[in-house]
Amino acid sequence: MLGVERSLLGKRWRARLADSMAGLSLAQAIEVPELVGRVLAARGIAAEEAPDYLDPTLRRLLPDPLHLRDMETAIARLAQALEAGEKIAIFGDYDVDGATSAALLSRFLETVAEAPTIYIPDRLREGYGPNGTAMRTLAAQDVRVVVTVDCGISAFDALADAADAGLDVIVVDHHVAEARLPQACAVIDPNRLDDDSPHGQLAAVGVAFLLVVGLNRHLREGGWYRERAEPNLMRWLDLVALGTVCDVVPLTGVNRAFVRQGLAVMRQRRNVGLRALGDVAGLEEPPGVYHLGFILGPRVNAGGRVGEASLGARLMTTVDEDEAAKIARHLDGLNRERQQIEAAVLEEAIEQVESAGAGDPSPAPLVLAHDERWHAGVIGIVASRLKERYNRPAIVVAWEDGIGKASCRSVPGVDIGAAITAARQADLLVNGGGHPMAAGFTVEQSRLEALSDFLHARLADAANAAILAPSLGLDGALGVEGATAELLETLEAAGPFGAGNPEPRFAIAGAQLLRADIVGRGHVRCQLAGRSGKRLKGIAFRAVDNALGNALLAGTGEPFHLAGRLRLDRRRGTRAVELHIDDGAPAPPPSNP
């Protein structure tokens, strides 16, 4: 597209939709603007799929919870616990998906009976997932049923300890499972190898919502609500939307309905904690996917990364305005602290990676950085930054007393989760697992070299294919004059956008760079002009040290093709358009009329 074979970031620009007539035909068939038809066609949406895609509703898309293996067993055990007044605990992961899952189950159980105990492990002291000590602690508190959310599928030893302690454990997870399952009363996971569910794209909070739907139906049919008010489950879809977006699962199928309808619930500002967090973050417009993923999500995550792991779940379950405001302010401060720690670790990791690869003519299939001084709470974010910088899978390890906690991030086409599962099966890891695009593990320091060799060999072919052919998909080319609020409002029909339904990306062709400067933590802010003189603001995030940022900072007065995503700022009643720049290329100077 626009003749860009090698951009400033080394990518070939290509049209997402090779056949423009396919977009026009789809638009005519479903009676939408041509641009919407083009965007849908580029994402492989056929005419018969378009109605559910454009108007995703839970009435049509929500699957029957009982289609998942062990769901019926889990529902029966929880109903038995409620009827007998047994104490229930929710054991959640410390990220947003885990926190929203725990909050969702807690709010439901509190509404229909009484609040459960919520246990979120400390990232540094306990690590990821259930552990034997925590299970025995819960048993000593007279807990009889434990529901693990966003974890548990590979916690073989911990759940064996739980069974020995007399606990009935229900696993609610979505990570890729092994053939062997942990010892538990029920294991609900659409990615079990023996489960033929077509809904493996669900985040854990989506699986938890199915459990709530199934349990609610069971209680209704059993007469539980004859003397109690039945809850409206839709009011908790804001939690489901937040966890779904922040876990970066595909926004396809029922996930689209969760996010579309969850955003509508969130805009009503009924959740006291999320309302307080939005206020602290300065959110002045109706929240969208971007705000969930980049404004609210990082603050919820900050508690698990550098503070108290339970803060996120506490924020989303409290009904006390003062407590919510206090927790929100604390999370906002922890997020700023996390940013400072992250910047320092990232700088050291980049130096380590580039020193290790100095003089190597062929890029390795993955990048690996590790250090004993690094904070384990930020290694996932640092791995993401390394992946973006080097366009290959990245692993970052933080050591303590000879044991490494690691986070992995991958690129499309390279299944890092499967590779980590294989490494654990090969006895190279203490534990580990994940998704195709993200994973985590624990490793003994003495095994790192063998692990590195194993992963390099396993990922080489797929990673080299991804590295050798970097490209950037674009939905069209516009002049500055075409970047309008009306364009973005038309495209909203194809949202919500996210993983699996990428946000439309356009090339702004031949824009004159009026000025550029550095703002925030290494961002490059720009002012662009079209041929008519119309202005457009732009920003390239974390670009100050790369070729894109350098070219913009040195290119005042020059014409550029700039690729990115257009955003509509509705704050304070405005409808200003801004370009979030992903890449760029020098443009030929405009010809004289």
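For the structure, see preceding data.
In this report, we go over the structure that sits alongside the text. A quick note: this is a predicted structure, and the numbers were derived from the prediction, not measured.

## Some points on the packing of helix 7 (residues 132-140) against helix 8 (residues 156-164)
Two numbers describe how helix 7 lies on helix 8: the axes approach to 8 Å, and their chain directions differ by 20 degrees. Here helix 7 is positioned roughly parallel relative to helix 8, judged by the angle of their axes. By crossing handedness, the relation of helix 7 to helix 8 is classed as right-handed. Together, G132, M135 and R136 of helix 7 and A158, L159, D161 and A162 of helix 8 make up the contact between the two elements. For the contact of helix 7 with helix 8, the residue count by class is 4 nonpolar, 1 polar and 2 charged.

## Some thoughts on the packing of helix 9 (residues 204-221) against helix 10 (residues 237-246)
Contact geometry of helix 9 with helix 10 gives a least axis separation of 8 Å together with a crossing angle of 150 degrees. With respect to their mutual orientation, helix 9 and helix 10 come out roughly antiparallel. Packed against helix 9, whose contacting residues are V205, G206 and F209, the element helix 10 presents L237, L239, V240, G243 and T244 at the interface. Considering only residue class, the contact of helix 9 with helix 10 consists of 5 nonpolar, 3 polar and no charged.

## A few points about the pairing of strand 5 (residues 168-172)
Among the 5 residues in strand 5, 4 count as buried, and that is most of the element. Judged from the 5 bridges that link them, strand 4 (residues 143-149) and strand 5 form a sheet pairing that is parallel. Counterpart to V149 in the pairing with strand 5 is V172. A crossover links strand 4 with its parallel partner strand 5, the connecting element being helix 8, and its sense is right-handed. With 3 bridges joining them, strand 5 and strand 6 (residues 186-188) adopt parallel strand pairing. Paired with I170 across the bridge in strand 6 is A186.

## A short note on the environment of L109
The topology assignment puts L109 in helix 6 (residues 96-112). Given a relative accessible area of 4%, L109 falls into the buried group. Sequence spacing of L109 and A158 is 49 residues, and the spatial spacing of their C-alpha atoms is 25 Å. Excluding residues within four positions of it along the chain, L109 makes contact with L82, I88, I90, E114, P116 and L215.

Procedures and definitions
Residues numbered from 1 in each chain as written. Predicted model: local features only at pLDDT ≥ 70, side-chain atom pairs only at ≥ 80, totals over all residues. Heavy atoms only, no water. Axes fitted to C-alpha atoms, helices over the stretch in contact; angles between N-to-C directions. Helix = DSSP H or I, 4+ residues; strand = E, 2+ residues; numbered from the N terminus. Parallel < 35°, antiparallel > 145°, perpendicular 65-115°, else oblique. Left-handed = near helix turned anticlockwise from the far one by under 90°. Contact = heavy atoms within 4.5 Å. Nonpolar A, V, L, I, M, F, W, Y, C, P; charged D, E, K, R; others polar. Buried < 20%, exposed > 50% of the residue type's maximum accessible area, 1.4 Å probe, protein only. Pairing = 2+ DSSP bridges. Right-handed = clockwise from strand over helix to strand, strands pointing away.

Read these as layout, nothing more, since geometry by itself doesn't imply function.
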